[in-house]
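Architecture at a glance
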Amino acid sequence: MANAPPTWELLLVPEGMKKITMEMDTKIPNAATFTVLKEDHTLGNLLRMQLLKNPKVIFAGYKMPHPLEHQFVLKIQTTPDTSPLDVLQHEIANLIQEVGTIKLKFENALTSRTLNPGEAPIPMHLPMRERRDF
Amino acid sequence: MDATAFAQETGPTITLLEVKDSPETRSVSFILSKTDLATANALRRVMIAEVPTMAIDLVEFESNTSVLTDEFLAHRLGLIPLNSEQVGTITYTRECSCQQYCPQCSVELHLNVRCTEDHTREVTTRDLVSSHTSIAPVLNGPNDRGILIAKLRKGQEINLRCIAKKGTAKEHAKWSPCAGVAFEYDPHNRLRHTTYWIEDDVKSEWPVSANGRFEPEVAEDEPFDYNAKPEAFYMTVEGTGALDPKEIVTTGLRILQAKLSLVQLLLKEIAEERGAVARPPMNGFH
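The structure reproduced in this document is the subject of the present report. What you see is a predicted model, and the numbers here were worked out from it, not measured in a lab. Just so you know, the residues in each chain are numbered from 1, in the order the chain's sequence is written. The naming scheme follows written order: chains are lettered A onward, ligands numbered 1 onward. The predicted origin of the model limits local features to residues at a pLDDT of at least 70 and limits the giving and counting of side-chain atom pairs to 80 or more, whereas totals for whole chains, interfaces and linings rest on all residues. Side-chain numbers come from the whole structure's heavy atoms, not from hydrogens or water.

Across soluble globular proteins, nonpolar side chains show a tendency to be buried alongside one another. Here, the term nonpolar core denotes a set of buried Ala, Val, Leu, Ile, Met, Phe, Trp, Tyr and Cys residues that are joined through side-chain atoms within 4.5 Å. Remark: exposure states derive from per-residue accessible area (1.4 Å probe, protein chains only) relative to the maximum for the residue type, with buried under 20%, exposed over 50%, and partly exposed in between. Grouped together as the largest cluster of nonpolar side chains are 53 residues, with contacts concentrated most on Phe34(A), Leu47(A), Leu88(A), Phe30(B), Leu32(B) and Leu267(B). Not counting residues within four places of it along the chain, the set of residues in contact with Leu88(A) comprises Phe34(A), Leu47(A), Leu51(A), Leu74(A), Ile76(A) and Leu267(B). Of all hydrophobic cores here, the second largest spans 23 residues; its members include Met54(B), Leu73(B), Val87(B) and Ile158(B). Residue contacts are counted whenever heavy atoms from the two residues lie within 4.5 Å of one another.

Written out as structure tokens, the structure is:
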């Protein structure tokens, strides 16, 4: 274990380095590459998915350049009326709200369960996807 | 109706299915719906790898005359789940102001067993003595014999000191609070995200999971909707005993929120920096 890398290597951003850096693409208009240190698919895929929901995003993709380096790069291209940074900021705000809602609803469900300790009603058919009768 | 109330109407929903709280199983099952696959998967990943718990990290051997090697025992000790309800009061050792470790960032446990009887002495987590009031090996009630660590013959002894530290499973899996996280969507394979390996017939060879009752079956002549996306995610979180499964979910969501907030803050800094570059100081000229 003498040459084992320190275990905190995948958690702590090295001193003097920035966790997030943005580099505008010189050849593609309205495109930028974000490098996020010490984060993985958890955040990368989440951001990519949320960005792709935005109609102003032309391209959004992420990759982890090397499995042993704990960082990912996120490439975004947007329509000319906005910028990758603005879109990313906007979508992160949406995600924070989404996760906040899930948290709130989970806690509410737990509280209502403790208030009514009987068997919780299980909805047999959730109205999430109507059956299509063609 | 304010913005948050509106979000609750349209945003993701949670349906609690089952909360098991018996000594055998501690788990929570729920349906997370009206959200994206990536969100559900991020939650799953955070619960497994980024919820902090306590685990034994350093072991100092005073004596070990058992048949097991020091390394072997140390590894076994590391994997023992410790009750981590109080993990919030402990700081990470790397963030602590102390030199090596201190009561603020670690908990000391002692194991001192010597076999003097003629029959085999089983060393279990019951023999581990913690210096902390609540951070101690997980036990399910007074009848639980504890987790077997080693067996001793007459005359053999183990005497060691353990240092338990706070950590996350990103560093080592021993810090994971989850024994298992079940994650399923689209139980009828309507979206065809998977191809079943079959000999003759899919229906008889691949029984639909228990979650199939929440979604309508796929009709024989139903056209394939290639725009459909998974919307309901069936999750079951089973804890190791270190944390209450409900706690794992809420802490996981909180960590995910904090992670996003940090990115938001850093992006704001970048935006401000770039704003400053785009508008250089006037230097007296107007």
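Time to look at the pattern of salt bridges. Salt bridges are defined by distance alone: a side-chain nitrogen of Lys or Arg within 4 Å of a carboxyl oxygen of Asp or Glu. Per the stated rule, a full pass over the model turns up 20 salt bridges over all chains. Glu39(A) is paired through a salt bridge with Lys259(B); the nearest N and O atoms lie 2.6 Å apart. Taken together, the residues Glu39(A) in the loop between strand E2 (31–37) and helix H1 (41–52) and Lys259(B) in helix H5 (residues 245–278) connect one chain to another. Of the charged contacts, one joins Asp36(B) and Lys53(A) as a salt bridge, the two residues approaching to 3.9 Å between their closest N and O atoms. Placement of the pair is Asp36(B) in the loop between strand E2 (26–33) and helix H2 (37–49) and Lys53(A) in the loop between H1 and strand E3 (57–63), with the two residues belonging to separate chains. For Asp36(B), a relative accessible area of 14% corresponds to the buried category. Judged by its relative accessible area of 44%, Lys53(A) falls in the partly exposed class. Overlapping salt bridges, with partners in common, bring together Lys19(A), Glu39(A), Glu50(B) and Lys259(B) in one network. We count a stretch as a helix when DSSP gives it H or I for four or more residues in a row; a strand needs E for two or more, and each element gets its number in order from the N terminus.

Before going further, it helps to examine the packing of aromatic side chains. Stacked, tilted and edge-to-face are the three classes applied to pairs of Phe, Tyr and Trp rings, where Trp contributes its six-membered ring and a pair requires centres within 6.5 Å; stacked means planes under 30 degrees apart, edge-to-face means over 60, and tilted covers the rest. The tally for this structure, following the rule as stated, stands at seven aromatic pairs over all chains. Here the aromatic rings of Tyr62(A) and Phe72(A) are separated by 6.1 Å at their centres, their planes lie at 85 degrees, and the arrangement is edge-to-face. Taken together, the residues span a long stretch of sequence, with Tyr62(A) in strand E3 and Phe72(A) in strand E4 (residues 71–78) at a distance of 10 residues. Residue class for Phe72(A) comes out buried when judged on its relative accessible area of 0%. When the ring of Phe183(B) is compared with that of Phe233(B), the centres are 6.0 Å apart and the planes differ by 20 degrees; the resulting orientation is stacked. Of this pair, Phe183(B) sits in strand E9 (residues 178–185) while Phe233(B) sits in strand E10 (residues 232–239); the two residues are 50 residues apart in sequence, bridging distant segments of the chain. On the basis of relative accessible area, Phe233(B) is assigned to the buried category, the value being 0%. Three or more aromatic residues link up through ring pairs in this structure, and these residues are Phe183(B), Tyr185(B) and Phe233(B). In our convention, an over-ring charge means Lys NZ or Arg CZ found within 6 Å of a ring centre and within 35 degrees of that ring's normal. A cation sits over an aromatic face here: Arg94(B) above Tyr92(B), 4.5 Å from the ring centre. Lys174(B) extends its terminal NZ or CZ atom over the ring of Trp175(B), reaching a point 4.8 Å from the ring centre.

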